[in-house]
Amino acid sequence: MALSNITLGQYYPADSVVHRLDPRIKIILLIALIVAIFLAQNLLAFVPVIVFLIAAAKLSRVPVKMMLKGLKPLRFILILTFILNLFFLQGETPLLNLGFAVIKKESLITAIHYSLRLVLLVLASSLLTLTTPPITLTDGLERLLSPLRVIHFPAHEMAMMMSIALRFIPTLLEEADKIMKAQTARGADFESGNLIARAKAMVPLLVPLFVSAFRRAGDLAMAMEARCYHGGEGRTRLRVLKCQKRDYIACALMAALIAVVILLSRLY
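Below, the structure is looked at part by part.

Each value, and the rule that gives it
Residues numbered from 1 in each chain as written. Predicted model: local features only at pLDDT ≥ 70, side-chain atom pairs only at ≥ 80, totals over all residues. Heavy atoms only, no water. Helix = DSSP H or I, 4+ residues; strand = E, 2+ residues; numbered from the N terminus. Buried < 20%, exposed > 50% of the residue type's maximum accessible area, 1.4 Å probe, protein only. Contact = heavy atoms within 4.5 Å. Areas by Shrake-Rupley, 256 points an atom, 1.4 Å probe, with all protein chains shown as cover. Lys, Arg positive; Asp, Glu negative; His and termini not counted. Charge placed at Lys NZ, Arg CZ, Asp CG, Glu CD. Salt bridge = Lys/Arg side-chain N within 4 Å of Asp/Glu carboxyl O.

**A look at the overall build of the protein**
Scanning the protein from N- to C-terminus turns up 11 helices and 2 strands. Along the chain direction, N to C, the helices and strands of the protein fall in the order α-α-α-α-α-β-β-α-α-α-α-α-α. In terms of overall dimensions, the protein has a C-alpha envelope of 70 × 60 × 40 Å along the principal axes. Taking all 268 residues of the protein together, the buried fraction comes to 35%. Counting only contacts in the protein whose residues sit at least 6 apart along the sequence, the fraction spanning at least 24 positions is 75%. Of the roughly 16800 Å² of accessible surface on the protein, a fraction of 68% belongs to carbon and sulfur atoms. Taken as two groups, the 30 positive and 16 negative side-chain charges of the protein have centres that lie 6 Å from each other.

Have a look at this one:
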């Protein structure tokens, strides 16, 4: 179990155009990209989305291996999604006869479609967290949710909770890795056996991990209270978020991407 493969919540520092984008714009771009991925109704419509993601990854200067590493924990889900769609969906055009099952052309296209959609969603989300510090992401999210204060929505508290969750994901993964190595040194086996045996073997890992998580939460709450933290009322910010020319260019490119995806989905 390679916990280091989970990239959610990790930040990769670099000096790139993507890193310098306004966090509000990056959140909006991610939502728009997710919409574009779900609007793609055929494999050809995925091509501009893939090109956009590759270009964004190149501009961000984030290593390709680091982005692809986030797919490793999901490989079982990806394989299961592909197999279920391949063998259990109905189709009309036989493509390959395996004896125990007949693979249809429509089933193969659908399996590739849904698996590719899942891969692109994970890569897009990873690109956001890898190029945006948690504090900056919190500021952007709070500014986007601030209009909801009219209906008494706790925008600052919601953004703070999400920021703390993202911030502590790498910390908890590191803690889990240490506990796992300690339990392995004492003879614990997390890899062999059936599903039930593996689930039982996870108990010595989960119990101290939960205890450590609650202890960290208590320490954080005490530290915030000692510093007289009372929410976002009257708070000022070191960096004032301000959209620049590159942010508007990124929005225009995303609008063009969605238009191309819709056009390719309608034409083919």
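That shown, we press on.
**Considerations on the pattern of salt bridges**
Evaluated as defined, the whole model comprises 5 salt bridges. With a shortest N-O distance of 2.9 Å, R24 and D22 are connected by a salt bridge. Assessed through its relative accessible area of 4%, D22 is described here as buried. Across the pair D177 and K181 runs a salt bridge, and its minimum N-O distance is 3.3 Å. Taken together, the positions of D177 and K181, both in helix α8 (residues 155–185) and 4 residues apart, correspond to about one turn of that helix. Classification of K181 as exposed rests on a relative accessible area of 56%.

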